[in-house]
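# Structural overview
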Amino acid sequence: TEKANVEAKPVQVAQKLVQEQGRELRSWWVEEMLSTDQPLVERMTMFWHNHFTSSIQKVRFVPSMYWQNVLFRREALGNFATLLHAVARDPAMLVYLDGVRSVARQPNENFGRELLELFTLGEGHYSEADIKSAARAFTGWNYKGLEFVVNPAQHDAGSKTVLGKTGHFDGVQVIDIILSKPVTAEFVATKIYKYFVREEVSPELRVQLGKLLRDSRYEIAPFLEAVFSSKD
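These notes cover the structure that comes with them. What you are looking at is a predicted structure, and each value in this text was computed from that prediction instead of being measured.

When helices and strands are tallied, the protein chain shows 12 helices and four strands. Structurally, the protein chain occupies a C-alpha span of about 70 × 50 × 25 Å along its principal axes. Across the 232 residues in the protein chain, those meeting the buried criterion constitute 44%. Element-wise, carbon and sulfur atoms account for 53% of the exposed surface of the protein chain, whose accessible area totals about 12500 Å². Charged side chains of the protein chain number 28 positive and 29 negative; the gap between the two group centres comes to 4 Å.

Before going further, it helps to examine helix 9 (residues 171–179). If you check which residues of helix 9 are buried, you get G171, V174, I175, I177, I178 and L179. A side-chain oxygen of the first residue of helix 9 lies 3.2 Å from the backbone nitrogen of V172; this N-cap is D170.

In the Ramachandran plot, L163 falls in the positive-phi region, its phi being about 50° despite a non-glycine side chain. Looking at L163, the relative accessible area reads 13%, which means it is buried. The phi dihedral of Y218 is positive, around 70°, even though this residue is not glycine. For Y218, the position within the fold is in the loop between helix 11 (203–215) and helix 12 (220–228). Judged by relative accessible area, Y218 falls into the buried class, the value being 7%.

In terms of nonpolar packing, the biggest core is built from 51 residues, with W48, F52, F80 and F138 touching the most fellow members. Ranked by residues supplied to this core, first place goes to helix 10 (residues 182–196) with seven residues. The next biggest cluster of nonpolar side chains, apart from the first, holds seven residues, and it includes I56, V62, M65 and A92.

Turning our attention to a nonpolar patch on the surface. A surface patch of nonpolar side chains, amounting to about 310 Å² of accessible area, comprises F61, W67 and L146. Residue position: F61 is located in the loop between helix 3 (56–59) and helix 4 (62–74). Accessibility expressed as a relative area gives 42% for F61, which makes it partly exposed.

Conventions adopted
- Residues numbered from 1 in each chain as written.
- Predicted model: local features only at pLDDT ≥ 70, side-chain atom pairs only at ≥ 80, totals over all residues.
- Heavy atoms only, no water.
- Helix = DSSP H or I, 4+ residues; strand = E, 2+ residues; numbered from the N terminus.
- Buried < 20%, exposed > 50% of the residue type's maximum accessible area, 1.4 Å probe, protein only.
- Areas by Shrake-Rupley, 256 points an atom, 1.4 Å probe, with all protein chains shown as cover.
- Lys, Arg positive; Asp, Glu negative; His and termini not counted.
- Charge placed at Lys NZ, Arg CZ, Asp CG, Glu CD.
- Polar contact = N/O pair within 3.5 Å; in protein donor to acceptor, adjacent residues only side chain to side chain.
- Core = buried A, V, L, I, M, F, W, Y, C linked by side-chain atoms within 4.5 Å.
- Patch = residues over 30% accessible without salt bridge, like charges linked within 9 Å, V, L, I, M, F, W, Y side chains within 5 Å.
- Salt bridge = Lys/Arg side-chain N within 4 Å of Asp/Glu carboxyl O.

Note that all results are geometric; they support no functional claim without further evidence.
Have a look at this one:
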């Protein structure tokens, strides 16, 4: 028992350090929200933080959570396609959704599932087979330090079928396939609209919002300008 207690102390110290650094990070972000001269950027940073959910309790490395926040702020009013590609390579996301453990011999489906269900298409617009194929496309994606890397030996380079498209896809190509679907723009645009305007969205308005975002090539700023300038 004494030996176990001694061995447990470094773990407890590490946990306490993460908690303290996490509080510092939260305090820093709150101060940014209070003092910023760009409140819409901070509002959208919070939106993306909630959209691309991750947690310091699992990531347990505060610098990666900080840099994820920087990414959300940098692309807050930028391009959704650019942001989506960057999030898929983000070290915090790779840990949170177990991408670091996804290899060709044993693909992990967590990121593929969240990518289709929560980040882009929404429920009912993909199949379990799409999830499995998407998971294979992201195998071998990892990071070193705070830099994204691909381990070719751990990547499944075989043929995959995702959302009706077949090929030797990697994660980049799978994301591009997802972005090509009108329902992706509809899902994201409607979520942003609900965040700023109202919860009730008719099917007709959903299609209209999706077209607006697609016409802007997934640029968020002109989409928001159109929404804020509308009668709604």
